[in-house]
Amino acid sequence: GADTTLIGNTTGNTLIGGSGQATIEYTIDNVYVDLAANTASSSTGFDTLSDVSAATVSGTADTIAAGSASFVLTAAGASDVLIGGSGASTLQATGQFETLLGGSGGNSLVSSGQHNTLVAQSTNNTLITSGTSDTLLASAGADHLVADGATQATLVGNVAGSTLQALNGADAVAAYALDNVTVNL
């Protein structure tokens, strides 16, 4: 089937994606999209979701939580939170002051915005920024943190096998929040 974008407003609608890539999109503020429960809610009410594989929020202070499947989550507003689940999801931020929290499923967290924070919550996440003043934080596992052409990026690693990389002229600082760390340049 064809790719579909459904626009929600949390006023009691049932949004059904069908076959193909189905993206749910909310442009209102303070919406909470729970893909595990197939709901989206705000102070005005809730929507029921079905067969959705991606979600986008572009308001302020929105949250998207992934479930056990693989999803694509996008924050394009301000001060939003994306939470990865147990599936191998992709979380992307194009706005500012966004927070991306990787799940247990080996998620990819990507930022091209400003002042965003990307946090690997479990092992084997990939965190990439091409944005400005972003902070990338490794978990206790073998995470891969990359500043690709980014400006003023901070990459915080661990001693459990995380890899920190600056590519394409990135302006990045590598940091470790641990004692007795040896850095081999």
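The text that follows walks through the structure, step by step, so that each part is easy to find. From a predicted model like this one, the values you see are computed outputs, not experimental measurements.

Here we take up the sheet that holds strand 18 (residues 153-157). Taken in spatial order, the 11 strands make up an open sheet running 2-6-5-4-8-10-12-14-16-18-20, and their pairing is mixed. Two strands bound the open sheet, and with one partner strand each, they are strand 2 (14-16) and strand 20 (172-176). Across the sheet, the mean angle from the axis of one strand to that of its neighbour is 10°, orientation sign disregarded.

Take unusual backbone geometry next. Even without being glycine, Gln-152 reaches a positive phi, approximately 55°. Counting through the fold element by element, Gln-152 comes out in the loop between strand 17 (144-148) and strand 18. Accessibility expressed as a relative area gives 48% for Gln-152, which makes it partly exposed. In this model, Asn-168 sits at a positive phi of 55°, which is unusual for a non-glycine residue. With respect to the helices and strands, Asn-168 occurs in the loop between strand 19 (163-167) and strand 20.

Relative to the elements of secondary structure, Asp-34 occurs in strand 4 (residues 32-34). From its side chain, Asp-34 meets the backbone nitrogen of Ala-37 in a polar contact 3.1 Å long.

To continue, consider the environment of Leu-137. Looking at where Leu-137 falls in the secondary structure, it is placed in strand 16 (residues 135-137). Judged by relative accessible area, which is 26%, Leu-137 ranks as partly exposed. Sequence-wise, Leu-137 and Leu-118 are 19 residues apart; in three dimensions their C-alpha atoms are separated by 6.2 Å.

Attention now goes to the sheet that holds strand 7 (residues 54-57). Spatially, 1-3-7-9-11-13-15-17-19 is the arrangement adopted by the 9 strands of the open sheet, whose pairing is parallel. The outermost strands of the open sheet, each flanked by one partner alone, are strand 1 (4-7) and strand 19. On average, each strand axis in the sheet is tilted by 15° relative to the strand beside it, whichever way the strands run. The pairing of strand 15 (residues 126-129) with strand 17 spans 4 bridges and is parallel. Considered in strand 17, the bridge of Ile-128 is made with Val-146.

What counts and what doesn't
Residues numbered from 1 in each chain as written. Predicted model: local features only at pLDDT ≥ 70, side-chain atom pairs only at ≥ 80, totals over all residues. Heavy atoms only, no water. Pairing = 2+ DSSP bridges. Helix = DSSP H or I, 4+ residues; strand = E, 2+ residues; numbered from the N terminus. Axes fitted to C-alpha atoms, helices over the stretch in contact; angles between N-to-C directions. Buried < 20%, exposed > 50% of the residue type's maximum accessible area, 1.4 Å probe, protein only. Polar contact = N/O pair within 3.5 Å; in protein donor to acceptor, adjacent residues only side chain to side chain.

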